[in-house]
Amino acid sequence: MAEKILSGACLCGAVTYELTGPFDFFGFCQCSLCRKVTGGAFATNLFVALERFTWASGEDNRIDYKMPPPKKFGNAACKTCGSRVPRVLSSGDRVLIPAGSIMEDPGIAPTLVCTEDHTEWFTGLEKAVSGEPR
Ligand SMILES: [Zn+2]
Ligand SMILES: [Zn+2]
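Note that the structure is a prediction, hence the values are computed from the model and not measured. (Residues numbered from 1 in each chain as written. Chains lettered and ligands numbered in written order. Predicted model: local features only at pLDDT ≥ 70, side-chain atom pairs only at ≥ 80, totals over all residues. Heavy atoms only, no water.)

(A) Quick look at the coordination of the zinc ion (ligand 1). At this site the zinc ion (ligand 1) is bound by Cys10 (SG), Cys12 (SG), Cys78 (SG) and Cys81 (SG), with donor distances of 2.3 Å. Taken together, the 4 donor atoms coordinating the zinc ion (ligand 1) and their angles of 106 to 113° define a geometry best described as tetrahedral. Sequence spacing among the residues donating to the zinc ion (ligand 1) works out to C-x1-C-x65-C-x2-C. Taken together, the positions of Cys12 in the loop between strand 1 (5–9) and strand 2 (16–20) and Cys78 in strand 7 (residues 74–78) put the pair 66 residues apart, joining distant regions of the chain. With a relative accessible area of 2%, Cys78 lands in the buried category. (Donors = N, O, S within 2.8 Å, 3.2 Å for Na, K, Ca; no water. Tetrahedral: all angles 85-135°; square planar, octahedral: opposite > 155°, others 65-115°. Helix = DSSP H or I, 4+ residues; strand = E, 2+ residues; numbered from the N terminus. Buried < 20%, exposed > 50% of the residue type's maximum accessible area, 1.4 Å probe, protein only.)

(B) Representation of the nonpolar core within the structure. The biggest cluster of nonpolar side chains holds 13 residues, and the ones touching the most others in it are Leu19, Leu46, Val48, Phe53, Ile97 and Ile102. Where this core is concerned, the elements lending two or more residues are strand 2, strand 3 (25–29), strand 4 (43–49) and strand 9 (94–98). When near neighbours in sequence (up to four residues on either side) are disregarded, Leu19 contacts Lys4, Ile5, Leu6, Leu46, Val48, Arg52, Phe53 and Ile97. (Core = buried A, V, L, I, M, F, W, Y, C linked by side-chain atoms within 4.5 Å. Contact = heavy atoms within 4.5 Å.)

(C) Region of interest: the sheet that holds strand 2. Pairing within the open sheet is antiparallel, and its 3 strands lie in the order 1-2-5. Looking at strand neighbours, the two that pair on one side only are strand 1 and strand 5 (53–57), the edges of this open sheet. Within the sheet, the average angular offset between the axes of one strand and its neighbour, ignoring direction, is 25°. (Pairing = 2+ DSSP bridges. Axes fitted to C-alpha atoms, helices over the stretch in contact; angles between N-to-C directions.)

(D) Region of interest: the confidence of the model for the protein chain. Residues at a pLDDT of 70 or more form 90% of the protein chain, whose mean pLDDT is 90. Considering each helix and strand of the protein chain separately, the mean pLDDT is smallest for helix 2 (residues 125–130), with a value of 66, and largest for strand 5, with 98. (pLDDT = per-residue confidence, 0-100.)

Structure (structure tokens):
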């Protein structure tokens with residue numbers, strides 16, 4: 001069976017892209033850097049091999065910020081609307097995709113990572129979703 005082609009776009013639609021599985025990893029990361037970069041409790045990032053990713057439009061309409069070495073962290077955003085958009089990782093062989101910008105279901109379950117580095121107000125996705133008391 002052929003892999004499904006997924007498509008994604010930023011809020012304004014200037015940056016669009018396509019990708020196909022299999023995907024390396026789908027993570028909800030709660031680390032302090034991911035919190036800063038998203039402004040939220042965690043980042044929702046899907047990772048795919050570079051050869052399974054293509055820009056449809058707007059590759060040049062992005063800010064591609066890299067933290068100074070030795071840090072390998074960065075961020076990419078649409079210059080027009082500021083939405084997080086895909087960026088090639090420093091390893092050069094994988095692409096980080098903010099999963100919320102993908103239009104279709106990627107068909108892979110996310111894993112919560114960096115559980116030791118979280119805010120006091122966010123202590124676990126399972127509890128937050130189920131409404132369980134903290
Ligand atoms: Zn945009
Ligand atoms: Zn993180």
